[in-house]
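Here's the letter readout for the chains.
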Amino acid sequence: MSLLQPYFQQCAYPAFSISFPSHSFYVSVSKRTFISCCSSQSQTAIVDAPIDSKIAERDEIRLGLPSKGRMAADTLDLLKDCQLSVKQVNPRQYVAQIPQLSNLEVWFQRPKDIVRKLLSGDLDLGIVGLDTVSEYGQGNEDLIIVHDALEYGDCRLSLAIPKYGIFENINSLRELAEMPEWTVEKPLRVATGFTYLGPKFMKEHGLKHVIFSTADGALEAAPAMGIADAILDLVSSGTTLRENNLKEIEGGVVLESQAVLVASRKALIQRKGALDTTHEILERFEAHLRALGQFTVTANMRGGSGEEVAERVLSQPSLAGLQGPTVCPVFCKRDGKVTADYYAIVICVPKKALYKSVQQLRAIGGSGVLISPLTYIFDEETPRWRELLSKLGI
Ligand SMILES: Nc1ncnc2c1ncn2[C@@H]1O[C@H](COP(=O)(O)OP(=O)(O)OP(=O)(O)O)[C@@H](O)[C@H]1O
Ligand SMILES: O=P(O)(O)OC[C@H]1O[C@H](OP(=O)(O)OP(=O)(O)O)[C@H](O)[C@@H]1O
Ligand SMILES: [Mg+2]
């Protein structure tokens, strides 16, 4: 507790309730200071790792965010949910700030340019779809995925063919590859915007007679227009394929994608402050995303002792909580004497298991079950941070 005290004393505007399930205490902190409370013990020093080229000198750390398209709004929403609101003076201005991260500059760029600029050293961090990192990063070792599942922009890069004509009975990549129609003179024509991943996938899967054509959008029209036999494009709901009489095939998914936080390895190792800033962003993302899937459940239960109540709770499979239940005595005054006949139980429960958990609580004598949303779950250290340090050789 003493470690946290300096932060709590400065909190003029209590806004958050932080609970540490294993220690059972609650405190309130202002929105601005809450991250410091949780990460102050794990700052990391810059390491002089061996790396070929030197990066250009500058004082700020640069984060690239999508300037337009479907990722733009969701990315800003995620940052806002993590108390990292981006302050952009007007929508046509491409540079912005996140007041909580004073050494960081936000640059709005097209997703593919974010990847290109990470590679050229003009950006240090970026948020884009994994499909864009894979296509434009082309396996470059300087790119490191810091968070691989930001839980939006879900889609897959998938091969699709017409439902009709010679493809009517073709339902897998193997069947497509074995069609006698494809020869050196008349190869399978695939329209795609993924001209790196497409040929790589076909080669890895042994499809020999294939040629690619490129287009920037509305690829689904290409087969019906007679421009291509198949397309390789992003699919999410599948509506665009269906509406254009196309189908996916078994074994035809090149990549499952969602939004990711990506960094330049060189920047993380060489740029002063880059690793600490990445740590803070990662911690905030992890804490928020982990909390999204959980509810806090509070209930009262009659019992002889905290241990006895905890044993009853732990006998139920869905009531284990994060590390175990928090069990606190509820004191009341009876005949002039203070007694604790009831205990309050606090646990985190996965949203999917909510009703099952309520049933199990009732079965062991729980009453007055309260459910509230969770805002953040900060663990001692995030597994992704450990993974990042190990990828960096630190
Ligand atoms: N239908 C979809 N559903 C969900 N996510 C998608 C979908 N299509 C693309 N994405 C994700 O969003 C990212 C950006 O897609 P978006 O369509 O906004 O830009 P773009 O296709 O690169 O550019 P543009 O459409 O302007 O040419 C993609 O890289 C992918 O990660
Ligand atoms: O499976 P669905 O949910 O139908 O989504 C798939 C469509 O979404 C993307 O296109 P987008 O809307 O970005 O248009 P674009 O072709 O202009 O990029 C993608 O290129 C597909 O065409
Ligand atoms: Mg698009």
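Counting of residues starts from 1 at the beginning of each chain's written sequence and follows it residue by residue. Labels follow written order: the first chain is A, the first ligand is 1, and so on. Local features are withheld for residues below a pLDDT of 70 in this predicted model, meaning they are given only at 70 or higher, and side-chain atom pairs are given and counted only at 80 or more; totals for whole chains, interfaces and linings count all residues. As a rule here, side-chain values cover all heavy atoms of the structure and leave hydrogens and water aside.

J.: Got a minute to help me understand the layout of surface pockets in this structure?
T.: If a probe the size of a water molecule is rolled over the atoms, the empty space left behind becomes visible. Here the largest pocket defines a volume of roughly 1,200 Å³. Method remark: on a 1 Å grid restricted to protein atoms, a set of points is classed as a cavity if a 1.4 Å probe fits but cannot get out and as a pocket if it is open with protein on both sides within 12 Å along at least five of seven lines; lining residues have an atom within 4 Å of a point. The wall of the largest pocket is formed by 34 residues, among which R70, D131, F194, D233 and L234 lie closest to the centre. Only DSSP runs of H or I covering at least 4 residues are called helices, and only runs of E covering at least 2 are called strands; the numbering of each starts at the N terminus. At the level of elements, α3 (70-81), α4 (111-120), α5 (130-137), β11 (230-235) and α9 (239-243) are the ones that each hand at least two residues to the lining of the largest pocket. Among the elements that line the lining of the largest pocket, the one with the most residues is α5, at four residues. The classification used treats Ala, Val, Leu, Ile, Met, Phe, Trp, Tyr, Cys and Pro as nonpolar, Asp, Glu, Lys and Arg as charged, and all other residues, Gly among them, as polar. Tallied by class, residues from the lining of the largest pocket come to 11 nonpolar, 13 polar and 10 charged. Where a domain begins and ends is set by an automatic assignment or by a domain database. Each of domain 2 (61-153 + 258-291 + 381-391) and domain 3 (156-256) accounts for three or more of the residues forming the lining of the largest pocket. Grid points are joined across faces, edges and corners, and a volume is the space filled by probe spheres set on the points.

J.: Would you mind showing me how to read the site of ligand 1 here?
T.: Throughout, near means a residue has at least one heavy atom within 4 Å of the molecule or strand. Around ligand 1, the surrounding shell consists of K68, G69, R70, M71, G129, D131, T132, G153, D154, C155, L234 and S236. For this analysis, a polar contact is any N or O atom pair within 3.5 Å, provided that within protein one partner can donate a hydrogen and the other can accept it, and provided that sequence-adjacent residues contribute only side-chain to side-chain pairs. D131 has a polar side-chain atom sitting 2.5 Å from an oxygen atom of ligand 1. With respect to ligand 1, the side chain of T132 contributes an N or O atom lying 3.0 Å from an oxygen atom. Here the open area of atoms and residues is found with the Shrake-Rupley method and a 1.4 Å probe, where only the protein chains shown may cover a residue. In isolation ligand 1 has 610 Å² of accessible area, and contact with the protein removes 66% of it. Molecules are considered to sit inside a cavity or pocket once more than half of their atoms lie within 2 Å of its grid points. For ligand 1, the cavity whose grid points lie within 2 Å of the majority of its atoms is the largest pocket. For the shell around ligand 1, the secondary-structure elements that each account for two or more residues are α3 and α5. Taken together, the residues of the shell around ligand 1 break down into three nonpolar, five polar and four charged.

J.: I would appreciate a short explanation of helix α14 (residues 383-391) in the present structure.
T.: Structurally, the α-helix is built with 3.6 residues per turn, so residues lying three or four positions apart point the same way. Three exposure classes are used, based on accessible area relative to the maximum for each residue type with a 1.4 Å probe and protein chains only: buried under 20%, partly exposed in between, and exposed over 50%. Residues of α14 that are buried include every one of W385, L388 and L389, and no others. An end-on view of α14 places all buried positions within 95° of arc, on one side of the element. Pointing more than 90 degrees away from the buried face of α14 are the exposed residues P383, R386 and S390. Contacts between residues were defined by any pair of non-hydrogen atoms, one from each residue, lying within 4.5 Å. Taken together, the buried residues of α14 touch β7 (143-147), α10 (265-270) and α11 (274-292). A positive backbone phi angle near 75° is found at G393, which sits one or two residues after α14. To obtain the arc, one takes the directions from the helix axis to the C-beta atoms.

J.: In this structure, what is going on with the sheet that holds strand β5 (residues 104-109)? I would like to understand it.
T.: Strand pairing in a sheet is mediated by backbone hydrogen bonds. Such pairs are either parallel or antiparallel. The rule for pairing is simple: two strands pair if DSSP sees at least two bridges between them. Taken together, six strands build an open sheet; the order of strands is β4-β5-β3-β6-β13-β7 and the sheet is mixed. If you trace the sheet from one side to the other, it starts and ends with β4 (95-97) and β7, each paired once. Strand-to-strand twist in this sheet, taken as the mean axis angle between neighbours without regard to direction, amounts to 35°. Here β4 runs beside β5; their pairing, made up of three bridges, is antiparallel. Each bridged residue has a counterpart across the sheet, and for A96 the counterpart in β5 is V106. Comment: axis = line fitted to C-alpha atoms, over the contacting stretch for helices; angle = value between 0 and 180 degrees taken between N-to-C directions. Sheet strands in contact with α3 are β3 (61-66), β5, β6 (125-129) and β13 (259-264), and its direction is about 130° off that of β3. Helix-sheet contacts for α5 involve β6, β7 and β13, and the interaxial angle to β6 is about 110°.

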